[in-house]
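Inside the fold
Chain residues, written in single-letter form:
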Amino acid sequence: MTIKLNDTALLRAGPYIDGQWRTSSAGTLAVRNPATSAIVTEIATADRAMTNEAILAAHRAMKDWQAVSAKARAQVLRRWFDLMMAHQDDLAVIMTTEQGKTLAESRGEVAYGAAFMEWFGEQAKRVDGDVIPAPSGDKRVICIKQPVGVVAAITPWNFPNAMIARKAAPALAAGCAIVIKPASETPLSALAMAELAERAGVPAGVLNVVVGSSSEIGPALTDSPLVRKLTFTGSTEVGIQLEQACAATLKRTSMELGGNAPFIVFEDADIEAAVQGALISKYRNSGQTCVCTNRILVQASIHDEFVERLVAETAALKMGNGLDEGVEQGPLVNVGAVEEVERLVRLSTEAGAKVELGGARSELGPCYFVPTVLTGVTPEMAVFRNEIFGPVAPVTAFADEADAIALANDTEFGLASYFYTRDIGRVWRVAEALDYGMVGINEGIISNEMAPFGGVKASGSGREGSKYGIDDYLEIKYILMGGLDR
């Protein structure tokens, strides 16, 4: 199929290594539009040898890049931000075509991703050190911060622009060079971002993109002693494997892994606001986000009223091709994703959950699943215990505050959580009791570039965004100066 772009040079079809767009004998990868199943284009893939070239290029380029002043690095990142915003519509069309989300969501993601370029460009100028009281008068103690080294980034398909931006922006701001391996389902967004990075003045070798098989590229990244940090967004299972692989070279890692977000509605909540918050938190990107509401916990006294409103609002969501005007729910990323959602719903209904709405595939195509509401969900059911990654809203009734907290924390995951209440005492009690890295109170969307994004427990380690986000790309060096009394 043809993608209609204002700037056709954004549509790249091969690895970007050391400032060069490469062809490859390693093979090709077909990129499909999940809305139509049509092949969009074929990408030349990188193998392990080509990935090692990218790592070596990053290692060489970083020596000069880290010597560039923080202000100059900030200016490059600002130009990248400006270019991403100037090409927002084209980047959105590329993303929707390869990933499936609606154009409105894609435009929003481009702006969200670009914001990290702007934010970390400013943070580059705020990498401060310390002067520490010395142990004696003839000595001085200082600490400086330096870039950690070459960074490897492995990013997912659900946010193919923003997840790269959240990693590349702080890496470049800190003075690191980076090798990016985007998801095979959505490489076009990554390659378009690399094209704009080059135009913004990112030097050759400082940013590299390799597309291809995880079994080829992954080991090259984890095994190389030149790669000093690996950052990953994806499933907990793959995150554990990457942590183990990185242990041999003692790499610094940051892991943004799976979630199982509770969305708690207390009886004193504004029910209409809670329903709207649940809709945007649950069905954004057709439920394919790590911070999506995964379990809706509603106090028993308002359960029926909440469910009635939720079902009515969910039924009104318009499904279709994300490129079409007015569509609010696009397809899932591939048939395998639909089959997994279908499996979780089947297991849960067999265990006693009731389908209030949906519960099956749509006739629109093989990658569509009807937005679904389940009630009677208990902690033993598959939709309660597993990250759904689809448009399924399981509702569980709870008795009181203690019950809600216990249900919410009954998971190995700890990424995002949400609750609605008007009781200020409850706000503090519940926020502090929830075992999650992020808590949204009376809000269904919590992510922004100024706030630290990350989880606890099986949801990973490290933080992205905020003033803390650059720390994962820096090392602290302690310097002792002695003999100052002579």
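Here is a short report on the structure shown in this document. Note on numbering: residues in each chain are counted from 1, in written sequence order. The model is predicted, so local features are restricted to residues of pLDDT at least 70 and side-chain atom pairs to those at 80 or more, both for listing and for counting; the totals for chains, interfaces and linings are taken over all residues. The side-chain quantities take in all heavy atoms of the structure and omit both hydrogens and water.

A few words on the sheet that holds strand β13 (residues 293–299). Pairing between the strands of a sheet comes from backbone hydrogen bonds, and it takes one of two forms, parallel or antiparallel. In short, DSSP must find at least two bridges between two strands for them to pair. Helix and strand definitions here come from DSSP, where helices need a minimum of 4 consecutive H or I residues and strands a minimum of 2 consecutive E residues; each element is numbered from the N-terminal end. The strand order across the open sheet built from seven strands is β14-β15-β16-β13-β12-β17-β18, with neighbouring strands paired in mixed fashion. Each edge of the sheet is formed by a strand with only one pairing partner; in this case those strands are β14 (354–357) and β18 (438–441). If you compare each strand with its neighbour and ignore which way they point, the axes differ by 25 degrees on average. In the sheet, strand β12 (residues 261–265) pairs with β13 via five bridges, with the strands oriented parallel. What sits directly across from Ile264, in β13, is Leu297. Contacting β17 (416–420) and β18, helix α14 (residues 424–433) runs over the sheet at an angle of about 160 degrees to β17. Every angle, taken between N-to-C directions, lies between 0 and 180 degrees, and every axis is a line fitted to C-alpha atoms, over only the stretch in contact when it is a helix. Contacts are assigned to residue pairs that have any heavy atoms within 4.5 Å of one another.

This paragraph deals with the packing of aromatic side chains. Each aromatic ring pair is characterised by the separation of its centres together with the angle its planes make. Here a pair means two rings of Phe, Tyr or Trp (six-membered ring of Trp) with centres within 6.5 Å. Their orientation is stacked below 30 degrees between planes, edge-to-face above 60, and tilted elsewhere. The final tally for this structure, using the stated rule, is eight aromatic pairs. Pairing Trp157 with Phe389 gives two aromatic rings, centres 5.7 Å apart and planes at 90 degrees, and the pair type is edge-to-face. Remark: Phe389 occurs in the loop between α12 (382–385) and β16 (392–398) and Trp157 occurs in the loop between β7 (150–154) and α5 (162–174); sequence separation between them is 232 residues. For Trp157, a relative accessible area of 17% translates into the label buried. Note on classification: 1.4 Å probe, protein chains only; a residue is buried when its accessible area is under 20% of the maximum for its type, exposed when over 50%, partly exposed between these limits. Overall, Phe389 belongs to the partly exposed group, its relative accessible area being 21%. With a centroid separation of 5.5 Å and 75 degrees between ring planes, the pair formed by Phe266 and Phe398 is classed as edge-to-face.

Let us look at unusual backbone geometry. Here the phi dihedral of Asp18 falls at roughly 55 degrees; this positive angle occurs in a residue that is not glycine. Taking the relative accessible area as the measure of exposure, Asp18 reaches 31% and is therefore partly exposed. In this structure, Leu250 takes a positive phi of about 50 degrees despite not being glycine. Along the chain, Leu250 turns up in the loop between α8 (236–247) and β11 (252–256). Accessibility expressed as a relative area gives 70% for Leu250, which makes it exposed.

If you walk across this open sheet you meet the three strands as β5-β6-β20, and the pairing is antiparallel. The open sheet has two edge strands, β5 (130–132) and β20 (474–481), and neither has a second partner. With strand direction ignored, the average angle separating the axes of adjacent strands in the sheet is 25 degrees. Where strand β6 (residues 140–147) and β20 come together, eight bridges link them in antiparallel fashion. Bridge assignment links Pro147 to a residue of β20, and that residue is Leu474.

By disulfide we mean two sulfur atoms from cysteines, separated by a distance within 2.5 Å. Evaluation of the coordinates by the stated rule reveals zero disulfides. With no disulfide partner, Cys292 has as its closest neighbouring cysteine sulfur the one in Cys290, 8.4 Å distant. Here Cys367 stays free of any disulfide, with the sulfur of Cys292 as its closest cysteine sulfur at 18 Å. Here Cys367 falls in the buried class, since its relative accessible area comes to 4%.

β11 sits mainly inside the fold: four of its five residues count as buried. In the classification by handedness, the crossover that spans strand β10 (residues 227–233), the intervening α8 and the parallel β11 is right-handed. As defined by bridge partners, β11 adjoins strand β19 (residues 460–461) across two bridges and the pair is classed as antiparallel. Opposite Glu256, over in β19, you have Gly460 as the bridge partner. Orienting the strands away from the viewer, one traces the path from the first strand over the helix to the second; a clockwise path indicates a right-handed crossover.

In this section: the pattern of salt bridges. Any carboxyl oxygen of Asp or Glu that lies within 4 Å of a side-chain nitrogen of Lys or Arg is treated as forming a salt bridge with it. Using the criterion set out here, one finds 28 salt bridges in the structure. Residues Glu53 and Arg22 are paired through a salt bridge, measuring 3.1 Å at the closest nitrogen-oxygen approach. Note that Glu53 is positioned in helix α1 (residues 48–65) and Arg22 in the loop between β2 (20–21) and β3 (28–32), a separation of 31 residues in sequence. Judged by its relative accessible area of 38%, Glu53 falls in the partly exposed class. The salt bridge partner of Arg78 is Glu118, with a shortest N-O separation of 2.7 Å. Of this pair, Arg78 sits in helix α2 (residues 70–86) while Glu118 is found in helix α4 (residues 103–123), placing the two residues 40 residues apart along the sequence. On the basis of relative accessible area, Glu118 is assigned to the partly exposed category, the value being 30%.

We define the nonpolar core as a collection of buried residues of types Ala, Val, Leu, Ile, Met, Phe, Trp, Tyr and Cys that are connected through side-chain atoms lying within 4.5 Å of one another. If you look at the biggest cluster of nonpolar residues, it comprises 62 residues, and the most contacted ones within it are Trp80, Met117, Leu172, Ile178, Leu207 and Val209. Looking at this core element by element, the count peaks at ten residues for α5. Excluding anything up to four places from it in sequence, Leu172 contacts Trp65, Arg73, Leu77, Trp80, Ile178, Val202 and Val206. If you look at the next biggest cluster of nonpolar residues, it comprises 32 residues, including Leu297, Val345, Phe369 and Met381.

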